[in-house]
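Letter by letter, the chains look like this.
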Amino acid sequence: SPLASSNIYCWHSEAMPLPEAETCLPVPRLSDSEAQIQLLEDVGIERGSRLLASKEYVKQHFNALSYLVICGIVLECMAMALPFGTLAAYTSGWVVIPVCFLLQAFPAACHAGWKLLAAWDSPIAMFFAERHSAFGLHLEQTGAVCHHVVALLRSVAFVVFFFLFAIGNQTNVCGANCNGDVASALPAWAPDCHIGDGDLYKRCLQEQPWWSRGMCDAQMGSCVLDVRRVCEPSWLADPMWAIAGYKISIPCQATSDMEVVIWSVANAIGDFTVIINLLIGYSQPLWMLLLVLGHCCVSGRCQCPWNVPANDDGRRWVDKRAREIRNMKPEERAALQVTMGLVPFAVTLWSDAIQVCTDIAVDMWGAVTYARLGHYYFAGASLLIFTRSLWQQLREGGLRSLIHAAHDSQRLGIKTDTYLSIVEGERTVEAPLNLLLIAYTGYYINHSITSSMYCPISLALSLKSVVTAVYERSHLGC
């Protein structure tokens, strides 16, 4: 037992009489620097130091190109999500979803050395090459041509289908027909017979082939938006909206001005997102060509940005700088990570940790929203994604380990390997799958104020997570 008045620890053996049986040895207290060294050995900051060194190298040598790379990631995320959701909604999700996932699993397996379960281990690998860096900094640098060829084919197929089939084959199922059998023909999730016409919906199912009956459901979901247009409050009749040619959709059940404001913001964001994503999906071949030309102009050499060779000089610079960072004091490391010269390292650190917790809460919110609206298949899919993400989190130690890792990172002035591993699990597993699910289900959950708020919030969180994961894991080689 330790003596209260000194740093001396004593051991006593019952086999020996006192005082010989009692042995006391002085154990000095660890200094702050020694405690930090011990903490470094326990948690490790190899990945964190390399991530910080890679950011410094890119800022010094590829600053303009880094913005172009981030822009390309955002465009690819949008071109990946909404065309997939539109195609699935306007045909049949039972056909499109398996086909798309099998198609996207091919480049993931190819990039991982024909590892068939690469898409299960890291779902983000279905859409982005994990071992390709636009700066040549990845330790296992390979090409990403296969991923971009599949993306280009996907875009062309979407454009051809949408213009040749979806636009000219839409059926109006909106109306107000509440007569007995007609009302019972509506799907279980339809909010009200005053919004959708059961007779028109039944006729749509009969006229459409089995592989495109999802269009009837998508049109039924859009009816909610159409009916809202007759319920606008008078104070929204502003000349600004008339000049812009935009008309806000407000539901009749809005009971206060605050609800009207929330509906307005949610619908404006939703409509803007749909329009932007559709334009990006249509024009993917064009902007992919522009990105290639931009890469050639910014980098000063004309080469395919999807097949950048390994940058040996850059990797040696990063390795040397990472060793220097590991030998710094915590306050010196933290000073290197002040965002925009204003936001301290601790703020960005804990904001990432809070986002992980928020993502988990939003996932549960989504599953409850789907179930409450009667979309039990969507609720099951959301719950499956949540379970897969939760399993990944528990394997890393759960939220308690995340909090401890964040505390350790704050003490060391740099993100530890444990912290990065936990945060990365949410970004690479839940975020890409949830992004696709929202793109598909956004047509069907416009019935309530909470569901209309869920879509833009979840979409923004998932998009931010995917962009961060791809940029740091692949392009910075960490």
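Computed from a predicted structure; not experimentally measured.

S.K.: How do you make sense of the overall build of the protein when you look at a structure like this?
M.R.: Scanning the protein from N- to C-terminus turns up 19 helices and two strands. Expressed as a percentage of the 478 residues in the protein, the buried residues total 49%. Excluding contacts between residues fewer than 6 apart, the proportion of contacts in the protein whose partners are at least 24 apart in sequence is 70%. Of the accessible surface of the protein, which amounts to about 23,700 Å², a share of 65% is contributed by carbon and sulfur atoms.

S.K.: For this particular structure, what's the right way to read the environment of tryptophan 211?
M.R.: Mapped onto the secondary structure, tryptophan 211 falls in the loop between α8 (198-207) and α9 (214-228). Judged by relative accessible area, which is 35%, tryptophan 211 ranks as partly exposed. C-alpha of tryptophan 211 to C-alpha of tyrosine 90: the two residues are 121 residues apart in sequence and 9.3 Å apart in space.

S.K.: Whenever I open this one, the nonpolar core confuses me. Can you help?
M.R.: Across soluble globular proteins, nonpolar side chains have a tendency to be buried as a group. Ile73, Phe128, Phe135 and Tyr444 are the most contacted members of the largest nonpolar core, which has 69 residues in total. Each residue touching isoleucine 73, except ones within four places of it in the same chain, is listed here: Phe128, Val467, Val470, Tyr471 and His475. Of all hydrophobic cores here, the second largest spans ten residues; its members include Leu349, Val356, Ala406 and Ile422.

S.K.: Even after reading the chapter, I still don't get the pattern of salt bridges, so can you show me in this structure?
M.R.: Opposite charge on two side chains lets them pair, provided their charged atoms get close. Per the stated rule, a full pass over the model turns up 13 salt bridges. The residue arginine 316 makes a salt bridge to aspartate 313 at a minimum N-O spacing of 2.4 Å. Of this pair, arginine 316 and aspartate 313 both sit in helix α13 (residues 312-326), three residues apart, which is roughly one turn of the helix. Each member of the pair, arginine 316 as well as aspartate 313, carries the same accessibility label: exposed. Residue glutamate 424 is joined to arginine 473 by a salt bridge in which the shortest nitrogen-to-oxygen separation is 2.9 Å. Of this pair, glutamate 424 sits in helix α18 (residues 417-441) while arginine 473 sits in helix α19 (residues 449-475); the two residues are 49 residues apart in sequence, bridging distant segments of the chain. The pair formed by glutamate 424 and arginine 473 is uniform in burial state, with each residue classed as buried.

S.K.: Before we go on, may I ask you to explain a nonpolar patch on the surface in this structure?
M.R.: Taken together, Trp94, Val95, Val99, Trp210, Trp211 and Tyr377 make up a surface patch of nonpolar side chains, about 770 Å² in accessible area. With three residues, the single largest contributor to the nonpolar patch is helix α4 (residues 93-111). By the element assignment, tryptophan 94 lies in helix α4.

S.K.: Even after reading the chapter, I still don't get the side chain of glutamate 472, so can you show me in this structure?
M.R.: Along the chain, glutamate 472 turns up in helix α19. For glutamate 472, the contacting residues outside a window of four places in its chain are Leu51, Lys55, Arg427, Gly477 and Cys478.

S.K.: Is there a simple way to think about the packing of aromatic side chains in this case?
M.R.: Pairs of aromatic rings are described using the distance from one ring centre to the other and the angle between the two planes. Summed over the entire model, instances satisfying the criterion amount to eight aromatic pairs. Between tyrosine 57 and tryptophan 317, the aromatic rings sit 5.4 Å apart at their centres with planes inclined by 50°, giving tilted as the arrangement. Taken together, the positions of tyrosine 57 in helix α2 (residues 46-61) and tryptophan 317 in helix α13 put the pair 260 residues apart, joining distant regions of the chain. Look at tryptophan 365 and tyrosine 454: their rings are 5.5 Å apart centre to centre, the planes differ by 75°, and that puts the pair in the edge-to-face class. Residue tryptophan 365 is found in helix α15 (residues 345-372), and its partner tyrosine 454 is found in helix α19; the two are separated by 89 residues along the sequence. Among the residues examined, tryptophan 365 registers a relative accessible area of 26% and is labelled partly exposed. An aromatic cluster of at least three residues, connected via ring pairs, comprises Tyr57, Phe62, Phe135, Trp317 and Tyr471.

S.K.: In this structure, what is going on with the packing of α2 against α18? I would like to understand it.
M.R.: Between two packed helices, both the angle of their axes relative to each other and the distance between the axes serve to describe the pair. It is the contact of α2 with α18, at a shortest axis distance of 6 Å, that shows an interaxial angle of 80°. Considering the angle they form, α2 stands roughly perpendicular to α18. Counting all contacts with α2, which are made through Glu46, Arg47, Gly48 and Leu51, the residues of α18 involved are Asp417, Leu420, Ser421 and Glu424. Residues that form the contact of α2 with α18 fall into these classes: two nonpolar, two polar and four charged.

S.K.: Before we go on, may I ask you to explain helix α16 (residues 376-395) in this structure?
M.R.: Along its 20 residues, α16 runs 28 Å from first to last C-alpha, staying within 8% of the 28 Å computed at 1.5 Å per residue. Turning to α16, its buried residues number three or more, namely Phe378, Ala379, Ser382, Ile385, Phe386, Arg388, Ser389, Gln392 and Gln393. At the exit of α16 stands glycine 397, carrying a positive phi of roughly 115°.

S.K.: I would appreciate a short explanation of helix α12 (residues 284-299) in the present structure.
M.R.: Given 3.6 residues per helical turn, the α-helix brings residues three or four places apart onto the same face. For α12, spanning 16 residues, the distance from its first C-alpha to its last is 22 Å, which sits close to the expected 22 Å at 1.5 Å a residue. Looking at α12, one finds that the buried residues are Gln284, Trp287, Met288, Leu291, Gly294, His295, Cys296 and Ser299. Residue glycine 300 follows α12 closely and has a positive phi angle near 85°.

About the thresholds
- Residues numbered from 1 in each chain as written.
- Predicted model: local features only at pLDDT ≥ 70, side-chain atom pairs only at ≥ 80, totals over all residues.
- Heavy atoms only, no water.
- Helix = DSSP H or I, 4+ residues; strand = E, 2+ residues; numbered from the N terminus.
- Buried < 20%, exposed > 50% of the residue type's maximum accessible area, 1.4 Å probe, protein only.
- Contact = heavy atoms within 4.5 Å.
- Areas by Shrake-Rupley, 256 points an atom, 1.4 Å probe, with all protein chains shown as cover.
- Core = buried A, V, L, I, M, F, W, Y, C linked by side-chain atoms within 4.5 Å.
- Salt bridge = Lys/Arg side-chain N within 4 Å of Asp/Glu carboxyl O.
- Patch = residues over 30% accessible without salt bridge, like charges linked within 9 Å, V, L, I, M, F, W, Y side chains within 5 Å.
- Phe/Tyr/Trp six-rings, centres within 6.5 Å; stacked < 30°, edge-to-face > 60°.
- Axes fitted to C-alpha atoms, helices over the stretch in contact; angles between N-to-C directions.
- Parallel < 35°, antiparallel > 145°, perpendicular 65-115°, else oblique.
- Nonpolar A, V, L, I, M, F, W, Y, C, P; charged D, E, K, R; others polar.
- Expected span 1.5 Å × (residues − 1).

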